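Here are the chains, one letter per residue:
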Amino acid sequence: MAYLRSAQGQAFGEEGFRLIMLFASQAAVAIEKARLFTSARNRADDQQALIDTLSDLSGELELPKVLNAVLNRAIKLLGVTGGELATYDQNKKELRIAASLNLGVDSTGTRMRLGEGAMGYVAQTHEPLIIPNYQEWTGRSSNYTQSTVRSVMAAPLLIGNRLVGAIAGVHSDPTRTLGTEDLRLLQLFASQAAIAIENARLYEAAQQQFEALVLNNPVAITNVDLEFNIISANPAFEDLFGYTEKEVIGKKLDEMVTTPELRAEATRHTAIGKSGQVSRGMGRRRRKDGVLIDVEHFTIPVLVAGEKVGIMALYHDVGELPDARRAAETANKTKSQFPQKLSH
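Just so you know, these numbers come straight off a predicted model, no measurement behind them.

Novice: Explanation requested: the overall build of the protein in the structure shown.
Specialist: Check the secondary structure of the protein and you find 9 helices and 11 strands. Counting the 344 residues in the protein, one finds 35% classified as buried.

Novice: Can you help me understand the nonpolar core in this one?
Specialist: As a rule of thumb, nonpolar side chains are buried together in soluble globular proteins. If you look at the biggest cluster of nonpolar residues, it comprises 28 residues, and the most contacted ones within it are Val 70, Leu 85, Leu 157, Ile 167 and Ile 197. Elements represented by at least two residues in this core include exactly α2 (63-78), β2 (94-101), β5 (151-159), β6 (162-171) and α4 (180-215). Sequence-distant contacts of Leu 85, that is, excluding residues within four places in its chain, are made with Leu 67, Val 70, Leu 71, Arg 96, Ile 97, Ala 98, Ala 99, Met 119, Leu 157, Ala 166, Ile 167 and Ile 197. In terms of nonpolar packing, the next biggest core, distinct from the first, is built from 21 residues, Val 122, Ala 123, Ala 154 and Ala 168 among them.

Novice: Hey, could you run me through the sheet that holds strand β11 (residues 307-317) in this one?
Specialist: Sheet strands pair by backbone hydrogen bonding; their relative direction is either parallel or antiparallel. Pairing is antiparallel in the open sheet, where 5 strands are placed in the order β8-β7-β11-β10-β9. Of all strands in the sheet, those bounded by a partner on one side alone are β8 (230-233) and β9 (279-286). Taken pair by pair, the neighbouring strands of this sheet meet at an average axis angle of 30 degrees, ignoring direction. Direction of pairing for strand β10 (residues 292-304) relative to β11: antiparallel, over a ladder of 10 bridges. If you follow Val 304 over to β11, its bridge partner there is Glu 307. Helix α8 (residues 263-274) rests against β9, β10 and β11 of the sheet, and its axis sits at about 145 degrees to β9.

Novice: Sorry, what's going on with the pairing of strand β7 (residues 220-224) here?
Specialist: Residues in a regular strand project their side chains so that they alternate between the two faces of the sheet. Counted residue by residue, β7 has 5 buried out of 5 residues, so it is predominantly covered. Residues Ala 220, Thr 222 and Val 224 line one face of β7 and the alternating positions Ile 221 and Asn 223 line the opposite face, and both faces are buried. Here β7 pairs with β8 via 3 bridges, running antiparallel. If you follow Thr 222 over to β8, its bridge partner there is Ala 233. In sequence, β7 turns back onto β8 through a hairpin of 5 residues, with Phe 228 there showing a positive phi of about 70 degrees.

Novice: What is the right way to read unusual backbone geometry from this model?
Specialist: Negative phi values dominate among residues other than glycine, just as trans dominates among peptide bonds. At Lys 93, a position not held by glycine, the phi torsion is positive, near 55 degrees. Among the secondary structure elements, Lys 93 is positioned in the loop between β1 (82-89) and β2. Overall, the relative accessible area of 45% leaves Lys 93 in the partly exposed class. In this structure, Asn 102 takes a positive phi of about 60 degrees despite not being glycine.

Novice: Just checking my understanding: could you explain the pattern of salt bridges for this structure?
Specialist: Opposite charge on two side chains lets them pair, provided their charged atoms get close. With the rule as written, the count across this model stands at 12 salt bridges. In this structure, Arg 184 engages Glu 181 in a salt bridge whose closest nitrogen and oxygen atoms are separated by 3.1 Å. Of this pair, Arg 184 and Glu 181 both sit in helix α4, separated by 3 residues, roughly a single helical turn. In this structure Glu 181 comes out as partly exposed when scored by relative accessible area, which is 39%. A single network of salt bridges, built from pairs that share partners, joins Asp 89, Glu 94 and Arg 111.

Novice: Honestly, the packing of aromatic side chains in this entry has me stumped. Any pointers?
Specialist: Describing an aromatic ring pair means giving the distance of the ring centres and the angle of the ring planes. This model, assessed by the stated rule, comprises 5 aromatic pairs. When the ring of Phe 237 is compared with that of Tyr 315, the centres are 6.4 Å apart and the planes differ by 55 degrees; the resulting orientation is tilted. Placement of the pair is Phe 237 in helix α5 (residues 235-241) and Tyr 315 in strand β11, with a sequence separation of 78 residues. Across this residue pair, the class does not change: Phe 237 and Tyr 315 are buried. The interplanar angle of 85 degrees and the centroid separation of 5.2 Å between the aromatic rings of Phe 241 and Tyr 315 together place this pair among those described as edge-to-face. Remark: Tyr 315 occurs in strand β11 and Phe 241 occurs in helix α5; sequence separation between them is 74 residues. Its relative accessible area of 5% is what places Tyr 315 among the buried residues.

Novice: Got a minute to help me understand the environment of Pro 218 in this structure?
Specialist: Structurally, Pro 218 can be placed in the loop between α4 and β7. In this structure, the C-alpha to C-alpha distance between Pro 218 and Phe 237, residues 19 residues apart in sequence, is 8.8 Å.

Definitions and limits used
- Residues numbered from 1 in each chain as written.
- Predicted model: local features only at pLDDT ≥ 70, side-chain atom pairs only at ≥ 80, totals over all residues.
- Heavy atoms only, no water.
- Helix = DSSP H or I, 4+ residues; strand = E, 2+ residues; numbered from the N terminus.
- Buried < 20%, exposed > 50% of the residue type's maximum accessible area, 1.4 Å probe, protein only.
- Core = buried A, V, L, I, M, F, W, Y, C linked by side-chain atoms within 4.5 Å.
- Contact = heavy atoms within 4.5 Å.
- Pairing = 2+ DSSP bridges.
- Axes fitted to C-alpha atoms, helices over the stretch in contact; angles between N-to-C directions.
- Salt bridge = Lys/Arg side-chain N within 4 Å of Asp/Glu carboxyl O.
- Phe/Tyr/Trp six-rings, centres within 6.5 Å; stacked < 30°, edge-to-face > 60°.

Shown next, in the form of structure tokens:
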């Protein structure tokens, strides 16, 4: 609205009114353009902040760290005082709060039914939600009736139609009104955060599967870092070399399983593994009791997101093979001599 006042004793004439109306229409266009420009710029800033946030999250694969990072970034991005993030347990059909920040009480570990509270509601409906006054909302959870939570917005974490979890942002200031723009930004964030969480979950599941495979493998396996310090050793390694895992962790692999005379051959293979290539060979290695054993060995580089992080060394006891070969050679020799003895 514009307000104009004429000089004393002068009234607006028809031409004056025409000019005023012309000015008003042009001013309205300019104001609307400025509003649209500001809105577009704010959206661009939000998008850039979202891109920067998700770029940082994509480099993290440990699930607990990802969950906390997602919540912290969401709270910062949305400008709210606190929030919660829950993951969905498909088997139990319930949510488990995995991260909580600035709610007066740490609810991490709390389980919620679908439909319970704001996050339970959006998890059940797959639709986002704004609650201007949470304490007056009939669907509020009994876990938060005494908290400082005032206004709440929540969104489901979805990959397609599959539920991954839910996220909520809360504000304790009664003068702050969460609006559609806040919810829009939360939804943008939630869709990408769901992917980051799922990637971390898949990575964790693959890690657990791999660890189980190593643990139960009959082949002796040890993991070493890029300085060749032992990080872990499976039970088959303990059986083959006579060391407990506790005894070897932090020790140099080749120093533990070779003699000075054999070390050059062993270090050559571990160096190949460090370079990013697979190495295979046959050689002798030393047990804890000093006995030398014949092994087939492999060194395999360990890569995470294309980056070398360590080496796996595998050892297969082939000590029985030379004995079997010698026994076979002796049997063949005896067999060839047998006709000669008969001819005499």
